[in-house]
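Coordinate inspection notes
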Amino acid sequence: MAPPYDTNTTAQELVNDYASIIKGKVILTTGVSPGSLGAAFVEYIAKAQPALLILAGRDPTKTDKTASAITSSNPGVKTRFLKVDLSSFQSVRDAAAELNSWSDVPFIDVLVNNAGIMAVPYGLSVDGFERQLASNHLGHFLFTNLIIDKILASKTPRIVNISSSTHRFSPFRFKDYNFDGGKTYHPWRGYGQSKTANMLMAISLAEKLGKRSLLAFSVHPGGIVTNLASQLDTNKALDDIWEIDRVLGNDHGVDRDIDMKDMRSLERGAATYVYAAFDPSLSAHNGSYTVDSHVADPFTDQVRPWATSSVEAEKLWRLSEQLVGQKFSY
């Protein structure tokens with residue numbers, strides 16, 4: 001039985017508890033620029049001597065800094081860079097093809113779909129989709145499915161999608177995922193839609209591939225100031241968030257200080273990453289949304305039913321196949 005982890009649990013505590021599980025694993029993480037939660041996650045788990053950390057991202061210069069931090073503290077841990085721009089289907093396909101060609105990496109034990117953008121102005125990806133939907137969901141959906149054979153080759157395959165409590169801002173907009181060409185767009189609603197998609201994708205993976213031993217989870221890391229929010233005006237962002245919550249009737253719209261009370265350090269924020277990626281007891285909760293290093297309680301953890309529905313998950317899977325132009329039948 002796992003210890004009673006909570007909001008104060010740190011990534012280091014969990015790495016200590018799961019050290020024997022992490023040791024020797026091959027772990028691929030997207031979005032590991034310095035100052036990010038992805039970087040914090042890989043730097044903490046490196047202490048437990050995984051066999052290989054695959055660091056996937058757009059900018060090799062930034063990723064190299066994270067790799068250097070890992071090897072300087074843990075000289076025995078190998079790292080490898082994989083170039084991918086998740087906003088471009090062609091880049092995703094190229095990255096997947098490269099990874100699949102690595103004969104010296106026959107399997108991946110854990111995939112952490114962490115990279116993303118947050119509350120950006122309206123715009124379309126090169127493939128014609130709202131940028132947050134493209135980068136946060138569609139790119140990861142395509143990438144995950146294109147490398148799934150490597151993941152399923154592991155004895156303990158696991159996929160972790162980084163979501164957020166901000167999934168409360170929007171269900172998935174099946175008939176208008178591009179926000180009517182920007183006419184109905186709000187940056188936080190766009191982000192909320194993408195975070196709902198991250199949760200639904202984990203559910204689909206668990207339901208479709210659980211029979212092949214795959215475990216899949218989604219994570220809310222909590223409120224953390226990282227490089228993800230570098231372009232935001234913090235005061236305006238909090239005002240916008242409060243107004244959306246107020247209109248929707250959410251708790252955060254009654255007490256606008258809730259988000260500030262939830263702010264935490266990178267070490268605490270990365271804890272739930274470690275929990276979802278390695279906790280053995282989670283095998284009984286395949287597809288779950290996790291928060292504060294436990295399986296979220298829909299009554300107390302601000303979980304919206306539109307993000308936990310198997311029906312919505314299947315609808316999104318079919319639409320995502322259509323949007324990326326490829327079917328993945330399991």
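Residues numbered from 1 in each chain as written. Predicted model: local features only at pLDDT ≥ 70, side-chain atom pairs only at ≥ 80, totals over all residues. Heavy atoms only, no water.

1. Here's the deal with the environment of Pro-121
By the secondary structure assignment, Pro-121 is in the loop between β4 (110-113) and α6 (131-146). Overall, the relative accessible area of 55% leaves Pro-121 in the exposed class. For the pair Pro-121 and His-186, spaced 65 residues apart in the sequence, the C-alpha separation amounts to 8.2 Å. Setting aside residues no more than four positions away along its own chain, Pro-121 makes contact with Arg-131 and Tyr-185. (Helix = DSSP H or I, 4+ residues; strand = E, 2+ residues; numbered from the N terminus. Buried < 20%, exposed > 50% of the residue type's maximum accessible area, 1.4 Å probe, protein only. Contact = heavy atoms within 4.5 Å.)

2. Considerations on the pattern of salt bridges
Opposite charge on two side chains permits pairing when their charged atoms draw close. As enumerated under the stated definition, the model contains nine salt bridges in all. Taking the shortest distance from any N to any O, the salt bridge between Lys-236 and Asp-240 comes out at 2.8 Å. Pair noted here: Lys-236 and Asp-240 are both in helix α9 (residues 234-248), with a separation of four residues, about one helical turn. Taking the shortest distance from any N to any O, the salt bridge between Arg-246 and Glu-243 comes out at 2.7 Å. Highlighted residues: Arg-246 and Glu-243, both in helix α9, separated by three residues, approximately one helical turn. Three or more residues joined by partner-sharing salt bridges are found here, namely Lys-208, Glu-314 and Arg-318. (Salt bridge = Lys/Arg side-chain N within 4 Å of Asp/Glu carboxyl O.)

3. Points about α6
With 16 residues, α6 extends 21 Å from end C-alpha to end C-alpha; this agrees with the ideal 22 Å at 1.5 Å per step. Of all the bends in α6, the greatest measures close to 35° and is centred on Leu-138. Counted residue by residue, α6 has 14 buried out of 16 residues, so it is predominantly covered. Of the residues flanking the start of α6, the one acting as N-cap is Glu-130, its side-chain oxygen 2.9 Å from the backbone nitrogen of Gln-132. (Expected span 1.5 Å × (residues − 1). Bend = angle between axes of the 7 residues up to and from the residue. Polar contact = N/O pair within 3.5 Å; in protein donor to acceptor, adjacent residues only side chain to side chain.)

4. A word on a positive patch on the surface
Together, Arg-58, Lys-62, Lys-65 and Lys-83 line one region of the surface with positive charge. Taking the relative accessible area as the measure of exposure, Arg-58 reaches 55% and is therefore exposed. (Patch = residues over 30% accessible without salt bridge, like charges linked within 9 Å, V, L, I, M, F, W, Y side chains within 5 Å. Areas by Shrake-Rupley, 256 points an atom, 1.4 Å probe, with all protein chains shown as cover. Lys, Arg positive; Asp, Glu negative; His and termini not counted. Charge placed at Lys NZ, Arg CZ, Asp CG, Glu CD.)

5. Examining the pairing of strand β5 (residues 158-162)
Counted residue by residue, β5 has five buried out of five residues, so it is predominantly covered. Burial along β5 is two-sided: Arg-158, Val-160 and Ile-162 and Ile-159 and Asn-161, pointing in opposite directions, are all buried. Here five bridges tie β5 to strand β6 (residues 215-220), and the two strands are oriented parallel to one another. Bridge pairing in β6 links Asn-161 to Ser-218. With helix α8 (residues 187-209) bridging β5 and the parallel β6, this β-α-β connection has right-handed handedness. (Pairing = 2+ DSSP bridges. Right-handed = clockwise from strand over helix to strand, strands pointing away.)

6. Examining the pairing of strand β3 (residues 78-83)
Looking at chain direction, strand β2 (residues 52-57) and β3 are connected through six bridges and run parallel. Within the sheet, the bridge partner assigned to Leu-53 lies in β3 and is Thr-79. Crossover β2 to β3 through helix α4 (residues 60-73) is right-handed.

7. Some details on the packing of aromatic side chains
The tally for this structure, following the rule as stated, stands at 13 aromatic pairs. Relative to Tyr-273, the ring of Phe-41 has its centre 5.8 Å away and its plane inclined at 40°; by these criteria the two rings are tilted. Placement of Phe-41 in helix α3 (residues 37-45) and of Tyr-273 in helix α12 (residues 271-278) is noted, with a sequence separation of 232 residues between them. The same class applies to Phe-41 and to Tyr-273, which are both buried. In this structure an aromatic cluster arises from ring pairing among Phe-141, Trp-317, Phe-328 and Tyr-330. Sitting over the face of the ring of Trp-102, Arg-80 holds its NZ or CZ atom 3.8 Å from the ring centroid. Its end group placed over the ring of Phe-174, Lys-315 keeps NZ or CZ at 4.3 Å from the ring centre. (Phe/Tyr/Trp six-rings, centres within 6.5 Å; stacked < 30°, edge-to-face > 60°. Lys NZ or Arg CZ within 6 Å of the ring centre and 35° of its normal.)

Everything listed here is a matter of geometry and, on its own, says nothing about what the molecule does.
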